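# A closer look at the structure
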Amino acid sequence: MIDQPYAYQRRELTEPDWRRFPGWAEVTSAQWESAQWQRAHCVKNLRQLREVAGPGLSDAFCADLERDQSERATMSMLVPPQMLNTMVPTAGPGEPGFTDAFYADPVRRYMIPVFSDRRADWPSHPYAARDSLHEAEMWAVEGLTHRYPTKVLAELLPTCPQYCGHCTRMDLVGNPTPTITKHKFGQGRDDRLAAMIAYLKATPGVRDVVVSGGDVANLPWPRLEAFVADLLDVENIRDIRLATKALMGMPQHWLGDEVRAGMERLGARARERGVSIAIHTHVNAAQSVTPLVARAAQAMLDTGIRDVRNQGVLLRGVNDSPEALLDLSFALLDEAKIMPYYLYMCDMIPGSEHWRLSLAEAQHLQHRIMGYLPGFATPRIVCDVPYVGKRWVHQVSRYDTDLGISYWTKNYRTGIEAGDELALSREYPYYDPIYLLPAHGQQWWRDRDRGRAPELTLVP
Ligand code: SF4
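Let me begin by describing the structure that accompanies this report. (Residues numbered from 1 in each chain as written. Predicted model: local features only at pLDDT ≥ 70, side-chain atom pairs only at ≥ 80, totals over all residues. Heavy atoms only, no water.)

## A look at the overall build of the protein
Counting its regular elements, the protein contains 16 helices and 13 strands. Since a compact globule built from 460 residues should have a radius of gyration of about 23 Å, the 22 Å found for the protein is in line with a globular shape. Residues counted as buried form 59% of the 460 residues belonging to the protein. Counting only contacts in the protein whose residues sit at least 6 apart along the sequence, the fraction spanning at least 24 positions is 77%. With an accessible surface of roughly 18700 Å², the protein has 51% of that area assigned to carbon and sulfur atoms. Of the side-chain charges in the protein, 51 are positive and 57 negative, and the distance between the mean point of each set is 2 Å. (Helix = DSSP H or I, 4+ residues; strand = E, 2+ residues; numbered from the N terminus. Rg over C-alpha atoms; globule rule 2.2 N^0.38 Å. Buried < 20%, exposed > 50% of the residue type's maximum accessible area, 1.4 Å probe, protein only. Contact = heavy atoms within 4.5 Å. Areas by Shrake-Rupley, 256 points an atom, 1.4 Å probe, with all protein chains shown as cover. Lys, Arg positive; Asp, Glu negative; His and termini not counted. Charge placed at Lys NZ, Arg CZ, Asp CG, Glu CD.)

## As for the site of the ligand
In the neighbourhood of the ligand, the contacting residues comprise Met75, Cys160, Gln162, Tyr163, Cys164, Cys167, Gly214, Lys245 and His282. Classifying every residue of the shell around the ligand by side-chain character gives 5 nonpolar, 3 polar and 1 charged. (Near = heavy atom within 4 Å. Nonpolar A, V, L, I, M, F, W, Y, C, P; charged D, E, K, R; others polar.)

## Quick notes on the environment of glutamine 31
Relative to the elements of secondary structure, glutamine 31 occurs in helix 1 (residues 29-32). Setting aside anything within four residues of it in sequence, one finds glutamine 31 in contact with Glu26 and Trp37.

## Some details on the state of the cysteines
Inspection of the entire model under this criterion finds 0 disulfides. Its sulfur unpaired, cysteine 383 is 11 Å from the next cysteine sulfur, which belongs to cysteine 346. (Disulfide = S-S within 2.5 Å.)

## Describing the packing of aromatic side chains
For the coordinates displayed, the defined rule picks out 19 aromatic pairs. Where tryptophan 18 meets tryptophan 32, the ring centres are 4.5 Å apart and the plane angle is 5 degrees; that geometry is what we call stacked. Highlighted residues: tryptophan 18 in the segment before helix 1 and tryptophan 32 in helix 1, separated in sequence by 14 residues. The exposure classification of tryptophan 18 matches that of tryptophan 32, with both residues buried. A connected cluster of aromatic rings, assembled from ring pairs, spans Trp18, Phe21, Trp24, Trp32 and Trp37. When the ring centre of phenylalanine 185 is taken as origin, the NZ or CZ atom of arginine 192, which lies over that ring, is 3.7 Å away. Stacked on the ring of tyrosine 407, the Lys or Arg arginine 398 has its end atom at 4.1 Å from the ring centre. (Phe/Tyr/Trp six-rings, centres within 6.5 Å; stacked < 30°, edge-to-face > 60°. Lys NZ or Arg CZ within 6 Å of the ring centre and 35° of its normal.)

## Description of the nonpolar core
Grouped together as the largest cluster of nonpolar side chains are 103 residues, with contacts concentrated most on Ile112 and Trp254. For tryptophan 254, the contacting residues outside a window of four places in its chain are Val216, Ala217, Trp221, Thr244, Ala246, Leu247, Val259, Arg260, Met263, Ile279, Ala296 and Met300. Of all hydrophobic cores here, the second largest spans 37 residues; its members include Leu314, Met339, Val393 and Ile434. (Core = buried A, V, L, I, M, F, W, Y, C linked by side-chain atoms within 4.5 Å.)

Pasting the structure below:
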């Protein structure tokens, strides 16, 4: 055997025992596997977290969480039991050291962020923004982002069964927090969805629709099925991708009879029409892949859809090592038949600096994970560059590592650049976290903050 930097080994999936949490000590398997029970018992606030975890979770942790929620959080708390149960999967709150293990847990770090997780020096990058990808600016009709030439993103609804602390759509998705109000759709849901279908019928150049939100698992099934059926009737649509983190966060939803039967109808109709339907989910850590998640993915594949794929997010403290990324990818591919697809760099929303990696770190990770997985299942690490779109991290055109600014170009116009002659020659910036820069680079940003360094004039 040759000694390799990463030692591959198969790991059997396990469903952690939820009865280790005092609040769920009496919960039966039938209750656990019910989507209704899961929805009714989501943890939405500190009081409910304490009820589930009992006194084993320290007061200091609870105060840390409370402070984050009142001063920093961009997303309100919403954690399904399924996801909470994957945190510290082998120890219960009654065991010594539980709070420390909870602090260190990768899933906790992005689902239940606390104040001490965040950077004190630069909690947000100066160029961080709500809707950092400018999706709403590119709405062709309300909720339908037309950013790429042949594909669109349909934001059907602004809610999810779970709220991730780093959500890139924090501008729109979820409930308001003490520091963040949320954008509200102007039109009613049915009018919005009808306008989307009308736009797609009138725009034959679009062949690919990402049906998203929020999370499509929060749309009543008949409404989602009707929308996808309408898409299947649009002549030019060839690819439909349903975006749902709930395949992992609440697999019970996708295992329900109504949803499976409906997906079978859609799968059959898609095959008749030669259209590909796929599910895109969002798993960031290997420990989130449990037997129930694998069952849900298999149930979806059994309906005859084309694929189930994963789009994770690269997050510091969660999956920022080659081992974590390869463990995740192998768990998905080997044990759950979910295709590792993308790993996004965390977007530049407020409060995200502690999660973000530099471009150099992301490039290094991409290099380190090459060669272990089949090529088709090696996730591509991508930077979603504002006004550009997804770019593989090695596609950067220029990189100033002193100021932490990478420059990117593109080969198509977004929906708002029809008359923009410079769109294809301009360089578009993206920014590394400032605290990772060399001392003189950090000083430049501090001077800029105090008005002593020139403003960047990057976009002509
Ligand atoms: S599931 Fe997706 S849309 Fe919903 S909160 Fe998480 S990242 Fe945001």
